[in-house]
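# Descriptive structure summary
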Amino acid sequence: MRLQQKLSSDFYTRPDVVTIARDLIGKYFFSSFDGVLTGGMVVETEAYSGTSDAACHAHLGRRTKRTQIMYEQGGVAYVYLIYGIYSLFNIVTNAEGTADAVLIRAIEPIEGIEEMRLRRGLAKVEPRLTAGPGLVTQALGISTQHNGTQLSGSEIWFEDRGMLVPEDQIIAGPRVGVAYAGADALLPWRFSLKGSRWVSKANPKYPQ
């Protein structure tokens, strides 16, 4: 029997998005569509804060059709398209009216690996399966149609499986592809699991 404990709304509605992004390392990210379960352990995240972060889509309270979902209460999905190709998956955090979010950049696959390989069009299982935010969503069958999905439901969710990651095993560094944000681009708000082969080979230009 697969033990699971879904993350509760209390996890997502905490006020510090950076802490949430760090705490997500070692949690588990799953999707289930048409009875097909896929997912794995989160090994890389990035935090974004609408209040003061120039790299955030909702910087200084910006509200657009795309960013409106970021102002919902924490615990919903914010999925947007980049370069017309990649759907990137973010968790909206904090209280309603505050636009914070965590980008899921990479997972270590554990469930439905064969299905993920087929979705990615790969001949074998390798880091390109899920080592990058656009790759994770493709492997898990997530697209912009899942924007706004409640993470308490049965399609997309996160679990705590009791994995305790020591602080010295979490690497903090600058985020990827946000040079336009000036000084905020240097904030150490990207977190990854030390030594994991599933962490993205982050290109500073491209977030895949």
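Per chain, residue numbering runs from 1 following the sequence as it is written. Given that the model is predicted, a residue must reach a pLDDT of at least 70 before its local features are reported, and side-chain atom pairs must reach 80 or more before they are shown or counted; all residues, however, enter totals for whole chains, interfaces and linings. To obtain the side-chain values, all non-hydrogen atoms of the structure were included, while hydrogens and water were left out.

Judged by how many residues are buried, strand β2 (residues 36–49) sits mostly within the fold: twelve of 14 residues are covered. Pairing between strands is defined by DSSP: at least two bridges between the two strands are required. The secondary structure listing takes helices from DSSP runs of H or I that are at least 4 residues long and strands from runs of E that are at least 2 residues long, numbered from the N terminus. Pairing geometry for strand β1 (residues 28–33) and β2, over six bridges, is antiparallel. Following the sheet pairing, Phe30 is matched in β2 by Gly39. Connecting β1 to the next strand, β2, in antiparallel fashion are two residues, including Asp34 with a positive phi near 55°. For β2 and strand β5 (residues 100–111), the ladder comprises ten bridges, and the chain directions are antiparallel. Each residue of the ladder has a partner; that of Val42, found in β5, is Ile107. Sheet topology places β2 next to strand β8 (residues 190–193); three bridges connect them, and they run antiparallel. Following the sheet pairing, Glu44 is matched in β8 by Ser192. Only protein chains enter the accessibility calculation, which uses a 1.4 Å probe; a residue is then buried when its area is under 20% of its type maximum, exposed when over 50%, and partly exposed in between.

Another aspect to go through is the UniProt feature "transmembrane region" (unreviewed entry) in the chain. UniProt positions are given in the numbering used here, feature names are shortened, and annotations may be inferred rather than shown by experiment. Annotation from UniProt places "transmembrane region" (unreviewed entry) at residues 69–89. When the span residues 69–89 is considered, its composition is 0% helix and 48% strand, and the gap between its end C-alpha atoms is 13 Å.

Attention now goes to the packing of helix α3 (residues 113–120) against helix α4 (residues 133–140). Each pair of packed helices can be described by the angle between their axes along with the distance between the axes. Direction vectors running N to C along α3 and α4 enclose 115°, while the axes themselves pass 7 Å from each other. Comparing their axes, α4 and α3 come out roughly perpendicular. Every pair of crossing elements has a handedness; the one defined by α3 and α4 is right-handed. On the side of α3, the interface is formed by Met116, Arg119 and Arg120, while α4 contributes Leu135, Gln138, Ala139 and Leu140. In the scheme used here, Gly and all other residues not listed as nonpolar or charged are polar, with Ala, Val, Leu, Ile, Met, Phe, Trp, Tyr, Cys and Pro taken as nonpolar and Asp, Glu, Lys and Arg as charged. Class assignment of the residues belonging to the contact of α3 with α4 gives a composition of four nonpolar, one polar and two charged. Note on geometry: axes are lines fitted to C-alpha atoms, helical ones only across the stretch in contact, with angles between N-to-C directions running from 0 to 180 degrees. Angular relationships are summarised with four words: roughly parallel below 35 degrees, roughly antiparallel beyond 145, roughly perpendicular across 65 to 115, and oblique for the angles in between. By convention, the crossing between two helices is left-handed when the near helix turns anticlockwise from the far helix through less than a right angle, and right-handed when the turn is clockwise. Contacts between residues were defined by any pair of non-hydrogen atoms, one from each residue, lying within 4.5 Å.

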